Number of protein chains: 2
Amino acid sequence: MLLVMSPSAPSPQQPPSRRIAEELRKRIERGELAAGDKLPSERALAEEYGAARNTAREAVRILAEQGLVTAKHGKGVFVRQPQRLFRFGSDRYSIKNRETGLTPFRLEAKRQGKTARIDVLSITREVPPADIAERLQVSADDASVVHRENHYFADDEPVQIVSTYIRWGEAQGTLLMQPKSGPNGIYGRLEELGHVMTRVRDEISARMPTPHEAALLDLLPGVPVLEVLHTSLDQNGEPFEVTRYVHRADQTGLLYELPVEQPTPPEAQ
Amino acid sequence: MLLVMSPSAPSPQQPPSRRIAEELRKRIERGELAAGDKLPSERALAEEYGAARNTAREAVRILAEQGLVTAKHGKGVFVRQPQRLFRFGSDRYSIKNRETGLTPFRLEAKRQGKTARIDVLSITREVPPADIAERLQVSADDASVVHRENHYFADDEPVQIVSTYIRWGEAQGTLLMQPKSGPNGIYGRLEELGHVMTRVRDEISARMPTPHEAALLDLLPGVPVLEVLHTSLDQNGEPFEVTRYVHRADQTGLLYELPVEQPTPPEAQ
DNA sequence: GCTTCCAACTGGCTTGAGCCACTTACTGGC
DNA sequence: GCCAGTAAGTGGCTCAAGCCAGTTGGAAGC
């Protein structure tokens, strides 16, 4: 039983909304529509492609989901500007940076000519989330940690949400419970408690934001977040502090520079 | 002129589709709908909330965009399973791993009980993209590099797209132009050329996939990608190889473990 | 028992209509 | 000159209806 194919339609039959989205994507990639340019209105697109407005609208939604364009209510749809990434380097943990008296965030902001702002949202004793408890080696059933939540801004735009967890037993009654944690910040206090930051472990993942995070970070549709689960290890290899960073991925990136372990001579340590 | 507010509606007036999406999200977070469970059908949701099917459908779309649920044509909409992350550790560059004879990817796959497959897609001389040329310190106007494109699979599921760039001048006529690049892979050959990998620099960002990447990686809506731009530096601090990794973020993560630079004693080296 | 077919379910996508909210520029009054 | 008002344009969102395409399970035929 043979079916004769219609001689037309050599393409794999895409639905109209996707076809329109792809056409627009090509126009953007070819530079016919540059960053910042306004796309034709939904009604204009509909007419141009002989489709309903909803179909044109769906095409725009697809592009927005890909992070290519941004709609502004009452104004139009615009090609998104590729943002200069705010890089968080692995030297942000470097102790020598403390000598400047600036936190790594303020340092990086200054380097990029932006003003930094850090809001201390809360400092509370809490029951830790499971992943935190596991890494900090504390109980996930008791209020075994202190949680410091900070929000970071560059030029008054929210950039990252930072949640730091420290053992309650160590923080209790110290400056670690205060917004102003003293010289060299919390790492200064933790060092006084006998924890010298010797190694760090950063676990990195990416995902779409929760609605709560999207609101806090002022995120547009189609922008994921970078999540870094950071563990500080002291001179004995013991974890003494765990921090969860949630970055907006359209404005921030990470940079790790590290030495490569060379092969050990046979039989030697 | 005073307006008397209707005594109801204390909430900030969310549109129905978002309200439905939020209700469903709460049901999932409360565990009433567990991972793998099937949501009510679009038609059922519409009736339940007294809305049109399109509105219920929009609610489901919002959840899919957040990566919470996945629609399967003809079957239904299901709560997404949190996947065990395939972790790429910073020791993947460690030379001591070469002793096993396994590439880091095969090693990690074995550790997780999965079968690894690596497809060599192409090995071609090319004009490098601007970001690559800058990092490899070659011309972005000539065909100055060799581009090796590989696709990595775990249990036959695509996991990452890897594009490695090497200087054409060094690769020309060597095993670096061959799919089987000999003992210890390309790093073995590059070492013979006098480049001992001494430091690495990884630049990490997250974004939504292009349609092309989404197809290659078999990505569902609402799943971002992790992009790692990796530069290998030799004993002289010179870059000799740059690789772009594109990971699917729902199944992979990165792990960096590194020593913290201690403060240098004043005036000493 | 086996297979084939079909009905009823699922999501995928489009249509065309309508109302709302935000933005902009122009117009008219003062 | 200034300001208020308005009209026209934009996206945001919903509706009701319809057809298509996978999926599933049971009924009918062999």
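Parameters and conventions
- Each chain has its residues counted from 1, following the order in which its sequence is written.
- Both sets of labels track the order of writing: A upward for chains, 1 upward for ligands.
- Residues qualify for local features only when their pLDDT is at least 70, as the model is predicted, and side-chain atom pairs are given and counted only at 80 or more; totals for whole chains, interfaces and linings, by contrast, use all residues.
- Only hydrogens and water are set aside when side-chain values are computed; all heavy atoms of the structure are taken into account.
- For helices the rule is a DSSP run of H or I covering at least 4 residues; for strands it is a run of E covering at least 2, with both sets numbered from the N terminus onward.
- Only protein chains enter the accessibility calculation, which uses a 1.4 Å probe. A residue is then buried if its area is under 20% of the maximum for its type, exposed if over 50%, and partly exposed in between.
- Strands pair, by our definition, only if DSSP identifies at least two bridges between them.
- By definition in these notes, contact holds between two residues if any of their heavy atoms fall within 4.5 Å.
- Buried area: the sum, over both parts, of the accessible surface (1.4 Å probe) that disappears when the two are put together.
- A pairing counts as a salt bridge when a side-chain nitrogen of Lys or Arg comes within 4 Å of a carboxyl oxygen of Asp or Glu.
- N or O atoms closer than or at 3.5 Å make up a polar contact, with two conditions inside protein: a donor-capable atom paired with an acceptor-capable one, and, for residues adjacent in sequence, both atoms drawn from side chains.
- Residues are classed as near a molecule or strand on a simple rule: at least one heavy atom within 4 Å of it.
- A fitted line through C-alpha atoms represents every axis, and for helices the fit uses only the stretch in contact; the resulting angles, taken between N-to-C directions, go from 0 to 180 degrees.
- In this scheme Phe, Tyr and Trp rings, the latter by its six-membered ring, pair at centre separations within 6.5 Å, and the angle between planes marks the pair as stacked below 30 degrees, edge-to-face above 60, and tilted otherwise.
- Consider the ring centre and the ring normal. A charge sits over the ring if Lys NZ or Arg CZ is within 6 Å of that centre and within 35 degrees of that normal.
- Superposing copies: least-squares fit, C-alpha atoms only, residues required to have pLDDT of at least 70 in both.
- Residue types Ala, Val, Leu, Ile, Met, Phe, Trp, Tyr and Cys, when buried and joined through side-chain atoms within 4.5 Å, form a set referred to as a nonpolar core.

**Student:** So, unusual backbone geometry: which residues are in play, and what are the values?
**Tutor:** Phi is mostly negative for residues that are not glycine, and the peptide bonds are mostly trans. The phi dihedral of A:Asp155 falls on the positive side, at around 50 degrees, and the residue is not glycine. Secondary-structure assignment places A:Asp155 in the loop between strand S5 (145–154) and strand S6 (157–167). A residue is classified by how much of its surface remains accessible, and A:Asp155, at 40% relative accessible area, is partly exposed. Phi is positive for B:Gln137, which is not a glycine, with a value near 60 degrees. Relative to the helices and strands, B:Gln137 is located in the loop between helix H5 (130–136) and strand S5 (145–154).

**Student:** Tell me about the pairing of S6(A), and name the residues and values.
**Tutor:** All names here are of chain A. In terms of burial, S6 is a largely internal element, 10 of the 11 residues being buried. Note that S5 and S6 share 10 bridges and pair antiparallel. Bridged to Val-145 within S6 is Arg-167. Connecting S5 to the antiparallel partner S6 that follows it, the hairpin turn spans 2 residues, and Asp-155 within it adopts a positive phi of roughly 50 degrees. Here S6 runs beside strand S9 (residues 239–248); their pairing, made up of 6 bridges, is antiparallel. Looking at S9, one finds that Ser-163 is bridged to Arg-244.

**Student:** Give a detailed account of the interface of chain A and chain B, specifying residues and quantitative values.
**Tutor:** With 44 residues of chain A at the contact, the number on the chain B side is 44 residues. Summed over both sides, the interface between chain A and chain B buries roughly 4,100 Å², with carbon and sulfur atoms accounting for 58% of that surface. Linking chain A with chain B are 4 salt bridges. Here A:Arg199 makes a salt bridge to B:Glu257, at a shortest N to O gap of 3.5 Å. Here chain A and chain B share 10 residue pairs in polar contact (both at pLDDT 80 or more) between them. Contributions of two or more residues to the side of chain A that touches chain B are made by helix H3 (53–65), strand S7 (199–207), strand S8 (225–233) and strand S10 (252–259) of chain A. The pairing of S7(A) with strand S10 (residues 252–259) of chain B spans 6 bridges and is classified as antiparallel. Along S10(B), the bridge assignment pairs A:Val200 with B:Leu258.

**Student:** Talk me through the protein's contact with DNA strand D; I want residue IDs and the actual numbers.
**Tutor:** Surveying the vicinity of DNA strand D reveals 25 residues, the closest of which are A:Arg43, B:Pro16, B:Ser17, B:Asn54 and B:Thr55. When the atoms of DNA strand D within 4 Å of the protein are grouped by moiety, sugar and phosphate amount to 59% of the total. Here a base nitrogen of DNA strand D and a side-chain polar atom of A:Arg53 are 3.0 Å apart. Between B:Arg53 and DNA strand D, the recorded distance is 3.3 Å, taken from a side-chain N or O atom to a base oxygen.

**Student:** How would you summarise the sheet that holds strand S3 (residues 86–89) of chain A if you had to cite specific residues and measurements?
**Tutor:** In spatial order, the strands read S3(A)-S10(A)-S7(B)-S8(B)-S9(B)-S6(B)-S5(B)-S4(B); together these 8 strands make up an open sheet with mixed pairing. Sheet topology places S3 of chain A together with strand S4 (116–126) of chain B at the edges, where each strand pairs with a single neighbour. Neighbouring strand axes in the sheet, compared pairwise and without regard to direction, differ in orientation by 20 degrees on average. Each of S4, S5 and strand S6 (157–167) of chain B touches helix H4 (residues 104–111) of chain B; the most contacted strand, S4(B), lies at about 160 degrees to it.

**Student:** I'd like to hear about the packing of aromatic side chains, residue by residue, with values.
**Tutor:** On inspection of all chains with the given rule, the structure shows 9 aromatic pairs over all chains. On the numbers, 5.3 Å between centres and 40 degrees between planes, the contact of A:Phe86 with A:Phe88 is tilted. Each member of the pair, A:Phe86 as well as A:Phe88, carries the same accessibility label: buried. Cation over ring: B:Lys72 sits above B:Phe78, and NZ or CZ is 5.2 Å from the ring centre. Above the plane of the ring of B:Phe153 lies B:Arg117, whose end atom (NZ or CZ) is 4.0 Å from the centre.

**Student:** I'd like to hear about the relation of the copies chain A and chain B, residue by residue, with values.
**Tutor:** Of the transformation placing chain A onto chain B, the axial shift is 0.0 Å and the rotation is 180 degrees, giving an RMSD of 0.1 Å. The two molecules are tied by a two-fold rotation axis, judged by turn and shift. Taken together, the interface assignments show that 100% of the residues at the interface of chain A recur at the interface of chain B, consistent with an identical surface on both copies.

**Student:** Go over the pattern of salt bridges with me, naming the residues and quoting the values.
**Tutor:** Should their charged atoms come close, side chains of opposite charge can pair. Residues and elements named next belong to chain A. Taken as a whole, this structure holds 44 salt bridges over all chains when the rule is applied. Between Glu-42 and Arg-57 there is a salt bridge whose closest N-O contact spans 2.7 Å. Placement of the pair is Glu-42 in helix H2 (residues 42–49) and Arg-57 in helix H3, with a sequence separation of 15 residues. Among the residues examined, Glu-42 registers a relative accessible area of 16% and is labelled buried. Given a relative accessible area of 43%, Arg-57 falls into the partly exposed group.

**Student:** Can you tell me about the sheet that holds strand S4 (residues 116–126) of chain A, naming the residues and giving the values?
**Tutor:** Strand order in the open sheet made by the 8 strands is S4(A)-S5(A)-S6(A)-S9(A)-S8(A)-S7(A)-S10(B)-S3(B), with mixed pairing throughout. Each of the sheet's edge strands pairs with one partner strand only, and the pair in question is S4 of chain A together with strand S3 (86–89) of chain B. With direction set aside, neighbouring strand axes in the sheet form an average angle of 20 degrees. Where helix H4 (residues 104–111) of chain A meets the sheet, it contacts S4, S5 and S6 of chain A, and its direction lies at approximately 160 degrees from that of S4(A).

**Student:** Describe the side chain of B:Arg27, with residues and values.
**Tutor:** Residue and element names in this part refer to chain B. Structurally, Arg-27 can be placed in helix H1 (residues 16–29). Residue classification places Arg-27 among the buried positions, given a relative accessible area of 16%. The contacts of Arg-27, once residues within four sequence positions are left out, are Glu-32, Leu-33, Pro-40, Glu-48 and Tyr-49.

**Student:** Describe the nonpolar core, and please don't skip the residues or the numbers.
**Tutor:** Counting 62 residues, the largest nonpolar core has A:Ile204, A:Tyr256, B:Ile204 and B:Tyr256 as its most contacted members. In this structure B:Tyr256 touches A:Val200, A:Arg201, A:Asp202, A:Ile204, A:Tyr256, A:Leu258, B:Ser90, B:Arg92, B:Asp202, B:Ile204 and B:Val228, once residues within four positions along its chain are discounted. With 19 residues, the next largest nonpolar core counts A:Leu33, A:Tyr49, A:Val69 and A:Val79 among its residues.

**Student:** Explain the environment of A:Leu33 residue by residue, including any values.
**Tutor:** Residues and elements named next belong to chain A. Structurally, Leu-33 is set in the loop between helix H1 (16–29) and H2. By relative accessible area, Leu-33 is classed as buried at 10%. Between the alpha carbons of Leu-33 and Val-79 there is a distance of 7.3 Å; along the sequence they are 46 residues apart. Filtering out sequence-adjacent residues up to four positions away, Leu-33 remains in contact with Arg-27, Ile-28, Lys-38, Leu-39 and Val-79.

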